[in-house]
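# Observations on the three-dimensional arrangement
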Amino acid sequence: MDSDTIRSDIPSRLDRLLWCRFHTLVVVALGITWILDGLEVTLAGAVSGALKASPALQMTDAQVGISASAYVLGAVLGSLVFGWMADRLGRKKLFSLTLAVYLVATAATAFSPNFGMFLLFRFFTGAGIGGEYSAINSAIQELVPARYRGHTDLVINGSFWIGAALGAVGSIVLLQPGLLPDDMGWRVAFGIGAVLGLSILLLRRFLPESPRWLMTRGRIAEAEAIVARIEAVAGERRVDTPLKSIELRVRAGGHGIADLAPSLFRTYPRRATVAMVLMSSQAFFYNAIFFTYALVLSTFFDIPSEDVGLYILPFAAGNFLGPLLLGRLFDTIGRRQMIAFTYAASGIALTITAWLFVEGALTATGQTIAWSVTFFFASAAASSAYLTVGESFPLEVRALAIAVFYTLGTGVGGIAGPWLFGTLIGTGERSAIAAGYGLGAVLMIIAAAVMWRWGLAAERRSLEDLARPMSSA
């Protein structure tokens, strides 16, 4: 071998392990990202009535939608910047940085003196969360064995709804009339995220750098030491299969955006198309509906803002149960089949919901049940989009690929969605809202067809088998 070429069996050693305490630590310490995002998004929706009534902010329905778009815009830009940094500097260094950005920004949101500052702080809160998405999705996929990767990734992404439930309960308590001074309840609510995020900083200190990333940087001794420690924790919990080695040619300076473009457009153009369709359709579907659900409940069903949280709890339960109960099927039946099914099922369910809504056949409880059923499937579908992107492209640009597709997909569907639905709700016309639901449903059904036709069968396969490392010798 050349002096700049290394041979390693690190990926094979990681993939042969059975579940152990180390993998549980990964899930707990890194899964907090989605809990925090769920908390932030839910609070933004649940306290929308309080934001409109706030003497300092005095927000309109359109401004509520704009503030949601500011959060999403921050998330997509943060994902892009921090995703690039994660591939250049490593996964571990970004864990603390992105969480710190989130903590400072969400705490500052609680002290917003006016609408302009509220927008700015929501933007940076989103930037911290978006940065977490790219660095942490890649780290989870690189640390969890192939046989568990699909189910684990879906459940962790689905933990967004644990945060949603926390946000719902927090809003129910803090927005009760007379409990706190006027204009204080929503401020304390946004402080929940800062307290929760702060509690996880110490836990992340015990997580190692991704051995796969270290391997591509030529830091093979560090990578071997980390894998040895993980194997010591696992003990005999491993599958007795032959180890496979790969050869990598170490490249000074690593890889970046210039290397991602050929991978997307020359080596894997079909995968890039599938990833873009999956990400953009679920982004519109989710952000458009979830960021404005509180406005729908208050405008069309006369639900007081302090009671909105009660309707989120069953909605959050349906969203979390989807990935939890369906997740294993993505590793057994297969990625292509299950992703296509969940996208199609959520589109069909939303079509039925739109028809019932425009006909006035639903009460607030009925609307919540319809949303819960729809998002039982949509939650698994949305989570699988992130899984698909991470599995589709090479190790050296994995975090950046996740960031790019999150940015493009959410930029197309996520930023416009809340603004569009906020405007539609402002018309007070059920038919206008139903038309928006119909658009979201059509996008999901199209995505199902694309996945069924061109999707990647990634279940139980090594990441290096799915996408050959760019530094392969």
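Right, let's walk through the structure included here.

The rules we used
- Residues numbered from 1 in each chain as written.
- Predicted model: local features only at pLDDT ≥ 70, side-chain atom pairs only at ≥ 80, totals over all residues.
- Heavy atoms only, no water.
- Phe/Tyr/Trp six-rings, centres within 6.5 Å; stacked < 30°, edge-to-face > 60°.
- Buried < 20%, exposed > 50% of the residue type's maximum accessible area, 1.4 Å probe, protein only.
- Helix = DSSP H or I, 4+ residues; strand = E, 2+ residues; numbered from the N terminus.
- Contact = heavy atoms within 4.5 Å.
- Expected span 1.5 Å × (residues − 1).
- Arc of directions from axis to C-beta.
- 1 Å grid on protein atoms, 1.4 Å probe; cavity = no way out; pocket = protein on both sides within 12 Å on 5 of 7 lines; lining within 4 Å.
- Points joined across faces, edges and corners; volume = space filled by probe spheres on them.
- Nonpolar A, V, L, I, M, F, W, Y, C, P; charged D, E, K, R; others polar.
- Salt bridge = Lys/Arg side-chain N within 4 Å of Asp/Glu carboxyl O.

Moving on: the packing of aromatic side chains. One pass over the full model with this rule turns up 20 aromatic pairs. Relative to Phe-124, the ring of Phe-123 lies with its centre 5.2 Å away and its plane at 90°, an arrangement referred to as edge-to-face. Classification of Phe-124 as partly exposed rests on a relative accessible area of 39%. Aromatic ring contacts, followed pair by pair, group Phe-160, Trp-161, Phe-285, Tyr-286, Phe-315, Trp-371 and Phe-375 into a single cluster.

Moving on: the environment of Met-279. Mapped onto the fold, Met-279 is located in helix 13 (residues 269–290). Overall, Met-279 belongs to the buried group, its relative accessible area being 1%. Each C-alpha atom of the pair Met-279 and Leu-408 lies 8.1 Å from the other, and the pair is 129 residues apart in sequence. Discounting residues that sit within four places of it in the chain, Met-279 has contacts with Ala-385, Tyr-386, Val-389, Phe-405, Tyr-406 and Gly-409.

This paragraph deals with helix 11 (residues 220–234). Because an α-helix packs 3.6 residues into every turn, residues spaced three or four apart end up facing the same way. The end-to-end C-alpha distance of helix 11 is 21 Å, a good match for the 21 Å that 15 residues give at a rise of 1.5 Å each. Taken as a whole, helix 11 has its buried residues at Ala-223, Ile-226, Val-227, Ile-230, Glu-231 and Ala-234. Relative to the axis of helix 11, the buried residues are bounded by an arc of 140° and lie together on one face. Away from its buried face by more than 90 degrees, helix 11 exposes Ala-221, Arg-229 and Ala-232. Of the residues flanking the end of helix 11, it is Gly-235, one or two places downstream, whose phi is positive at about 60°.

This paragraph deals with empty space enclosed by the protein. Any empty space left between the atoms is revealed when a probe the size of a water molecule rolls over them. Under the criterion given, the structure shown has three cavities of 30 Å³ or more. Of the voids in this model, the largest cavity is the one considered here, and its volume is about 350 Å³. If you trace the largest cavity, you find 24 residues lining it, with Asp-37, Tyr-133, Phe-160, Gln-282 and Tyr-386 closest to the centre. Of all the elements in the fold, those that place two or more residues in the lining of the largest cavity are helix 2 (21–46), helix 4 (61–89), helix 6 (115–143), helix 7 (149–158), helix 8 (160–174), helix 13, helix 17 (364–392) and helix 18 (398–413). At five residues, helix 13 tops the list of elements feeding residues into the lining of the largest cavity. For the lining of the largest cavity, a count of residues per class yields 16 nonpolar, seven polar and one charged.

On to the pattern of salt bridges. One pass over the full model with this rule turns up 16 salt bridges. Here Asp-331 and Arg-335 are joined by a salt bridge, their closest N and O atoms 2.8 Å apart. Side by side, Asp-331 and Arg-335 carry an identical accessibility label, which is buried. One salt bridge in this structure joins Asp-465 and Arg-461, with 3.1 Å as the shortest N-O distance. Overall, Asp-465 belongs to the partly exposed group, its relative accessible area being 48%. With relative accessibility at 29%, the residue Arg-461 sits in the partly exposed group. The network of salt bridges with common partners includes Asp-9, Arg-13, Arg-16, Glu-224 and Glu-231.

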